[in-house]
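Observations on the model geometry
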Amino acid sequence: MADNAPWKDHPAHTLVRVQDEPPVWSFGELRLRRYHAADHGTVLTLHREGLAQVGLRPGDGVYYDHDFFRMEDIYLRNDGEFIVGELEGGIVAMGGLRRADLVPGGRARAFGGYAPGNPALDAVEMVRLRVLPAVQRRGYGAAVVQALEERAKEFGYRILRADTTELQAPALALYRKFGWTETRRETIGGIVNIYIEKPLR
């Protein structure tokens, strides 16, 4: 997902909001839109391919995918968002926003914890940022980050949070490019998890 590529100098590669609700954006030839239930299989595959690419696997304490089986509850009905990026009719990118109080952090997260309740619209997590390896380095990851940050502001959140691992250096570089700062590190199952955040107001 590194974005130090020639796309930056191309005027067509600007994120443009083309529909308010449900949200739709264009970024050159990429179309970003809200997740639909019919996307489930493709999105889950993209997620798993992305983690496998950096050596993360089920059982390592960092890998988890239980939220993909509760997309509406965790993302779309709880002051969150999940978007996919389409290119030539196929999904090649994705990312989501979920309330920071919905899913536990650290080791507990890998075991499927979920805590529905009254929303506390203070912190929101940017999660599941993935770009198909064949189309990386075109700025698609940056477009997803920009679109999700825009949505987080619209929902009224105060702060954006995320975490990634040392294995996912391009993702970390992308977040840093957009002004995120590291807050702490935690070793889980021998893997260094890096926590980052960005104030929205």
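Residues numbered from 1 in each chain as written. Predicted model: local features only at pLDDT ≥ 70, side-chain atom pairs only at ≥ 80, totals over all residues. Heavy atoms only, no water.

1. Quick word on the packing of aromatic side chains
Per the stated rule, a full pass over the model turns up six aromatic pairs. Seen in terms of ring centroids, Phe-155 and Tyr-157 are 6.2 Å apart; in terms of plane orientation they differ by 70°. Their pairing is edge-to-face. Here Tyr-157 falls in the buried class, since its relative accessible area comes to 1%. Put simply, the rings of Tyr-35, Phe-68, Tyr-75 and Phe-82 touch in pairs and so form one group of aromatic residues. (Phe/Tyr/Trp six-rings, centres within 6.5 Å; stacked < 30°, edge-to-face > 60°. Buried < 20%, exposed > 50% of the residue type's maximum accessible area, 1.4 Å probe, protein only.)

2. Digging into the pairing of strand E8 (residues 181-188)
Examined bridge by bridge, E8 and strand E9 (residues 191-199) share seven bridges and lie antiparallel to one another. Note on E9: the bridge partner recorded for Thr-181 is Glu-197. The hairpin turn running from E8 into E9, its antiparallel successor, is two residues long, and Gly-189 in that turn takes a positive phi close to 60°. (Pairing = 2+ DSSP bridges. Helix = DSSP H or I, 4+ residues; strand = E, 2+ residues; numbered from the N terminus.)

3. Quick look at the sheet that holds E9
Note: strands within a sheet are paired through backbone hydrogen bonds, in either parallel or antiparallel orientation. Reading across from one edge, E1-E2-E3-E4-E5-E6-E7-E9-E8 is the order of the nine strands in this open sheet, with mixed pairing throughout. Both edges of this open sheet fall to strand E1 (15-19) and E8, since each of them pairs with a single strand only. The average angle at which neighbouring strand axes cross in this sheet is 25°, direction not considered. Where strand E5 (residues 90-99) lies against strand E6 (residues 123-131), six bridges are found, and the strand directions are antiparallel. Looking across to E6, one finds that Gly-96 is bridged to Val-127. Relative to strand E7 (residues 159-165), helix H5 (residues 169-177) is tilted by about 155°, and along the sheet it contacts E6, E7, E8 and E9. (Axes fitted to C-alpha atoms, helices over the stretch in contact; angles between N-to-C directions. Contact = heavy atoms within 4.5 Å.)

4. Comments concerning the nonpolar core
Core analysis: the biggest nonpolar cluster contains 35 residues, and Leu-32, Met-126, Tyr-140, Leu-160 and Trp-180 have the highest contact counts within it. Here this core gets eight residues from one element, more than from any other, and that element is helix H4 (residues 140-155). Setting aside chain neighbours within four positions, we find Leu-160 in contact with Leu-97, Val-124, Met-126, Glu-149, Ala-152, Trp-180, Ile-196, Glu-197, Lys-198 and Leu-200. (Core = buried A, V, L, I, M, F, W, Y, C linked by side-chain atoms within 4.5 Å.)

5. Here's the deal with the pattern of salt bridges
Taken as a whole, this structure holds 25 salt bridges when the rule is applied. Residues Glu-86 and Arg-31 are paired through a salt bridge, measuring 2.9 Å at the closest nitrogen-oxygen approach. Separated by 55 residues along the polypeptide, Glu-86 in strand E4 (residues 81-87) and Arg-31 in strand E3 (residues 30-34) bring together distant segments of the chain. A relative accessible area of 38% places Arg-31 in the partly exposed class. Through salt bridges with shared partners, one network takes in Arg-17, Glu-21, Arg-34, Glu-81, Glu-150, Arg-151 and Glu-154. (Salt bridge = Lys/Arg side-chain N within 4 Å of Asp/Glu carboxyl O.)

6. Some words on the confidence of the model for the protein
Scored by pLDDT, the protein comes out at a mean of 85, with 85% of its residues at no less than 70. Predicted confidence for residues 1-11 stays below pLDDT 50, and this span has 27 contacts to residues more than four positions away or in other chains. (pLDDT = per-residue confidence, 0-100.)

7. Quick look at the environment of Ile-74
Among the structural elements, Ile-74 can be located in helix H2 (residues 71-76). Considering only alpha carbons, one finds Ile-74 and Arg-98, 24 residues apart in sequence, at a separation of 6.6 Å.

8. Observations concerning H5
Among the residues of H5, those classed as buried are Ala-171, Leu-172, Leu-174 and Tyr-175. Seen along its axis, H5 keeps its buried residues to an arc of 160°; they face one direction. Phi for Gly-179, located one or two positions after H5, is positive at around 90°. (Arc of directions from axis to C-beta.)

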